Amino acid sequence: MAPIPPGIRLLASFNRDQWYRALTFVLTFLLYTSFHLSRKPISIVKSELHKNCSSVSELATAAATAAGSIQQPSPPPLHTDMDCSWKPFDKSNYKQLLGAMDYSFLCAYAVGMYLSGIIGERLPIRLYLTVGMLTSGLFTCLFGLGYIYNIHSLRFYIFVQVANGLVQTTGWPSVVTCIGNWFGKGRRGLIMGLWNSHTSVGNILGSLIAGYWVSSNWGLSFIVPGLIIAAMGVVCFFFLIEHPNDLKSIYAQNSSPDKTLPAMKRNGVNGHTELYLQYKEGKNQSYDTELLLPRENGSVCVPVQQVVVVKSESELSAISFMGALRIPGVIEFSLCLLFAKLVSYTFLFWLPLYITKAAHLDAKKAGDLSTLFDVGGIVGGILAGVISDKLGKRATTCTVMLLLAAPTLYGFSMISQFGLGPTIGMLLVCGGLVNGPYALITTAVSADLGTHKSLKGNARALSTVTAIIDGTGSVVYFFLKHTIHATNTN
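Residues numbered from 1 in each chain as written. Predicted model: local features only at pLDDT ≥ 70, side-chain atom pairs only at ≥ 80, totals over all residues. Heavy atoms only, no water.

Caption draft 1: A look at the nonpolar core. Residues Leu 129 and Met 133 are the most contacted members of the largest nonpolar core, which totals 61 residues. With twelve residues, the single largest contributor to this core is helix α18 (residues 420–450). Apart from the residues lying within four places of it in its own chain, the contact partners of Met 133 are Leu 31, Ser 34, Phe 35, Ile 229, Ala 230, Met 232, Gly 233 and Cys 236. Within the second largest apolar cluster, 17 residues are counted, among which are Leu 97, Leu 98, Ala 163 and Val 167. (Core = buried A, V, L, I, M, F, W, Y, C linked by side-chain atoms within 4.5 Å. Buried < 20%, exposed > 50% of the residue type's maximum accessible area, 1.4 Å probe, protein only. Helix = DSSP H or I, 4+ residues; strand = E, 2+ residues; numbered from the N terminus. Contact = heavy atoms within 4.5 Å.)

Structural data, given as structure tokens:
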């Protein structure tokens, strides 16, 4: 007999529950990756919605000169800098118009997040998430269809952004609820630290996909991500398991037939059908019992009483918004995330420009270098999860990391002027200390609070708690975006 391959031996070492747990981890990771993937195109396409025609003309002239196709001096350009932009973003107030699209999405997302948790707590998560992903794919594709069908109405794009912002709120509370149901508190910090990297993965994939078509056909920069998130919605419908308890019915149906007794039906009292279990002779049954039971075709029939399960009036219902706020720690961690997210998104919008000025790099190199802040955030999220698991103190972990982040951020402004090497090191450290608590609060802490002991076993609070915490951070994101836009305009 040939020895079993090591890989097969490893696969066989996992039981059925572990395979389902791994499936939920990977599936929810991919589902929320597709959410971020579909949000990224707007930031890539903005440069195409408003372009400088003089620079475009210079590039075309240089290319033609290199090909030797220019025979005579070209006439002066007849178009202004606004002519090659996409209407209505070809006007002088294009910054306000582009900003209006951001505000529309962010405001709808912030308001919708508070409602999404409450709604999701009262609906099947699998269906709720599937509908959200399909409609998000629809509205993402609609934005791209504006290019194909030559739509130049600002109201159309604002409507699409508002609608997309609302349906995108179905994602985060749903996936956090699923991952919280499957993984206990013991290693929840580590698991969710690894799982939370879907944000960076989605942003990277969204940038690559949108950037591939942005210059030739920017409509596809939206349509392709829209089709991807819609396809993942179909996958969610067929494969997402909300809770381990949902598998009990499958286990019952697939139980061994040897353990299941054959049944037969007879007419009973008042025309009702009575169910009997058949005991065959010769199966070590009690002789006294056989004498008392009616025989039919050499078998003994035992009447079975049918039981009707009535829902108890005291069954726990979904928690209300105010009830979620009264859970110890929800308000405190929401405010903590508010300021952590403020710092995180300040770096998101200002870091490339700061690196350009401080390190004297061009825009592309500064943008590439700024991604190290996100890389440090991935490492910081995992580290924060591991430490909080070992100590069993989520709040202490967040507090220490944020206190260390304050002097580190100040040191970054000083050390970054001494060259590229120190800048890289400080970016990684700052990213870990800032985004570590941010990731911990939005994942493991939200799951812990959603299953707090004060709920007395009521697990129908996780989605609402997650939505409150993340929604508070989204409100800050909206005001931060408004402040930065106003600064750039002035």
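Caption draft 2: Main features of the packing of aromatic side chains. Taken as a whole and assessed by the stated rule, the structure comprises 15 aromatic pairs. Arranged with centres 6.2 Å apart and planes meeting at 80°, the rings of Trp 218 and Phe 222 form a pair that is edge-to-face. The buried category is assigned to Trp 218, whose relative accessible area is 4%. By relative accessible area, Phe 222 is classed as buried at 4%. Connected via pairs of aromatic rings, a cluster forms that spans Phe 143, Tyr 147, Phe 156, Tyr 157, Trp 218 and Phe 222. Sitting above the plane of the Phe 183 ring, Arg 21 keeps its charged end 6.0 Å from the centroid. One Lys or Arg, Arg 126, reaches over the ring of Phe 237 and ends 4.8 Å from the middle of that ring. (Phe/Tyr/Trp six-rings, centres within 6.5 Å; stacked < 30°, edge-to-face > 60°. Lys NZ or Arg CZ within 6 Å of the ring centre and 35° of its normal.)

Caption draft 3: Inspection of the confidence of the model for the protein at higher detail. With 70% of its residues at a pLDDT of at least 70, the protein reaches an overall mean of 76. In the model, residues 55–64 has pLDDT below 50 throughout and makes three contacts with residues more than four positions away in sequence or in other chains. Note that residues 69–82 has pLDDT below 50 and, in this model, 14 contacts with residues that lie over four places away or in other chains. (pLDDT = per-residue confidence, 0-100.)

Caption draft 4: Spotlight on empty space enclosed by the protein. Within the structure shown, the criterion is met by one cavity of 30 Å³ or more. Of the voids in this model, the largest cavity is the one considered here, and its volume is about 40 Å³. Surrounding the largest cavity, Gly 189, Met 192, Gly 193, Asn 196, Gly 381, Gly 385, Ala 439, Leu 440 and Thr 443 form its lining. Listing elements by their share of the lining of the largest cavity, those giving two or more residues are α9 (188–195), α16 (363–391) and α18. Taken together, the residues of the lining of the largest cavity sort by class into three nonpolar, six polar and no charged. (1 Å grid on protein atoms, 1.4 Å probe; cavity = no way out; pocket = protein on both sides within 12 Å on 5 of 7 lines; lining within 4 Å. Points joined across faces, edges and corners; volume = space filled by probe spheres on them. Nonpolar A, V, L, I, M, F, W, Y, C, P; charged D, E, K, R; others polar.)

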